Amino acid sequence: MTRTPVNVTVTGAAGQIGYALLFRIASGQLMGADTPVRLRLLEIPQAVKAAEGTAMELDDCAFPLLDGVDIFDDPVKAFDGVNVALLVGARPRTKGMERGDLLEANGGIFKPQGEAINAGAADDVKVLVVGNPANTNALIAQQHAPDVPAARFTAMTRLDHNRALAQLSKKAGVTVSDIKKMTIWGNHSATQYPDIVHAEIAGKSAAETVNDQAWLENDFIPTVAKRGAAIIEARGASSAASAASAAVDHVHTWVHGTAEGDWTSMAVVSDGSYGVPEGLISSFPVTTRGGEWEIVQGLEIDDFSRARIDASVAELAEERDSVRKLGLI
Ligand code: NAD
Ligand code: LMR
């Protein structure tokens, strides 16, 4: 192997998502089959032993692309030289807990992590925040990393995007790969807006192909938007394997690019596009190329979509105001 390993830091490495994620990264599915990776696991001190157990299992897989595993309980060390940072570790929502309750519990985690990324990350660092509330946690980390371009901080709505593809493919009786240009707008929360207005099925308008407004409003949108809560209800724990899979998809697409004629959904720092206030980390349709993302421009937004985008963006603005009041940004 001649290529320099990519340093991938995963926080919350001993958690559920961590366990589903690390083996996929080590097998080459995150960075590609020709890129060795060095895993740097960050945990709280009480969970370091469990992370050591996972590292033993990683060894036992004998992955040819895995250059090594280091374990830390100090963010400054864990993010030193990091190229890809997956910020998963957070307090998961449990039954009956509102997302707003999570802001204070999690805000304190993402400030020091942003500072550590600012202090030690590699010049090309890419950050994906998975831990909830993901958009606002990403905002907190980004605000504490003034020397890192804001565009390098993203939050995950790829799971919502994948859920939307799955629901639409079932309704239309097609495979997920027949569907292009799906969009998730706004927050990774129940206010998100899964938008099929611009989506295409085998090159034709998805909305016209399905032609069922009642299904769209009463079934598709709520099913996608509330899927996280439905999984918690059914499993007694939040989604893990599907979240890890979406994290792999998010970074792989960011690094390797979107396909011609398609786009993906990522929560990125708004430049004011589509009326989303500048600086909020909100989900948009984006294309990626050469390790950079770009918001798809020029889409017509009908009244139905406008109202839903505005509602989700209003929630993001409220979350930002709350963490401001808490002194977290
Ligand atoms: P988990 O409780 O199984 O694991 C979380 C891990 O994070 C634990 O091992 C904990 O010790 C660790 N941790 C806590 N504070 C830390 C810190 N300061 N530094 C490093 N590690 C720390 O939870 P999980 O099921 O793996 O979920 C993780 C997060 O991902 C939750 O916030 C969950 O809500 C979120 N999530 C997001 C999406 C999404 O689509 N964006 C989907 C599913 C879950
Ligand atoms: C999900 O979408 O599955 C999770 O974000 C749910 C949650 O609150 O952990």
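- Per an unreviewed UniProt entry, the recorded name for the protein chain is Malate dehydrogenase, and the organism is Actinomadura viridis.
- In the Sequence similarities (unreviewed entry) part of its UniProt record, the protein chain is described as follows: "Belongs to the LDH/MDH superfamily. MDH type 2 family."
- Taken verbatim from the UniProt record of the protein chain, the Function (unreviewed entry) comment is "Catalyzes the reversible oxidation of malate to oxaloacetate."

1. Considering the domain arrangement of the protein chain
Size of an interface: often given as the accessible area lost when the parts come together.
Here's step 1: What the domain assignment reports for the protein chain is domain 1 (6-155) and domain 2 (158-319).
Here's step 2: Computed over C-alpha atoms only, the centres of domain 1 and domain 2 are separated by 23 Å.
Here's step 3: On the domain 2 side, the residues contacting the 31 residues of domain 1 number 26 residues.
Here's step 4: Of all the secondary-structure elements, those providing two or more residues to the side of domain 1 that touches domain 2 are helix 1 (16-26), strand 4 (84-87), helix 4 (99-120), strand 5 (126-129), helix 5 (134-143) and strand 6 (153-155).

2. Quick notes on the environment of Thr 191
Here's step 1: In this fold, Thr 191 is placed in the loop between strand 8 (183-185) and strand 9 (193-195).
Here's step 2: Considered as a pair, Thr 191 and Val 313 are 122 residues apart in the sequence and their alpha carbons are 8.6 Å apart.
Here's step 3: Ignoring sequence-local partners within four residues, the contact set of Thr 191 consists of Gly 186, Ala 311, Ser 312 and Glu 315.

3. A look at the UniProt feature "binding site: NAD(+)" (unreviewed entry) in the protein chain
Here's step 1: According to UniProt, the "binding site: NAD(+)" (unreviewed entry) feature falls on Gly 12, Ala 13, Ala 14, Gly 15, Gln 16, Ile 17, Gly 18, Asn 106, Gln 113, Val 130, Gly 131 and Asn 132.
Here's step 2: Tracing the sequence through the fold places Gln 16 in helix 1.
Here's step 3: With respect to the helices, strands and loops of the structure, Val 130 is situated in the loop between strand 5 and helix 5.
Here's step 4: For Val 130, a count of 28 C-beta atoms within 10 Å translates into the label buried.
Here's step 5: With residues near it in sequence (within four places) discarded, Val 130 still touches Ile 17, Leu 86, Leu 87, Val 88, Met 156, Ala 243 and Ala 247.

4. Some thoughts on the site of ligand 1
Here's step 1: Near ligand 1 you find 28 residues, and of these Gly 12, Gly 15, Ile 17, Gly 89 and Ala 90 are the closest.
Here's step 2: A total of 3 residues in the shell around ligand 1 trace back to one element, the largest contributor, which is helix 1.
Here's step 3: Among the residues making up the shell around ligand 1, the classes are represented as 15 nonpolar, 11 polar and 2 charged.
Here's step 4: Looking at which domains feed residues into the shell around ligand 1, each of domain 1 (6-155) and domain 2 (158-319) gives three or more.

The rules behind each value
Residues numbered from 1 in each chain as written. Chains lettered and ligands numbered in written order. Predicted model: local features only at pLDDT ≥ 70, side-chain atom pairs only at ≥ 80, totals over all residues. UniProt positions renumbered as here; feature names shortened; annotations may be inferred. Domains from an automatic or database assignment. Contact = placed C-beta atoms within 7 Å. Helix = DSSP H or I, 4+ residues; strand = E, 2+ residues; numbered from the N terminus. Buried ≥ 20, exposed ≤ 12 C-beta atoms within 10 Å, placed from the backbone. Near = placed C-beta within 6 Å. Nonpolar A, V, L, I, M, F, W, Y, C, P; charged D, E, K, R; others polar.

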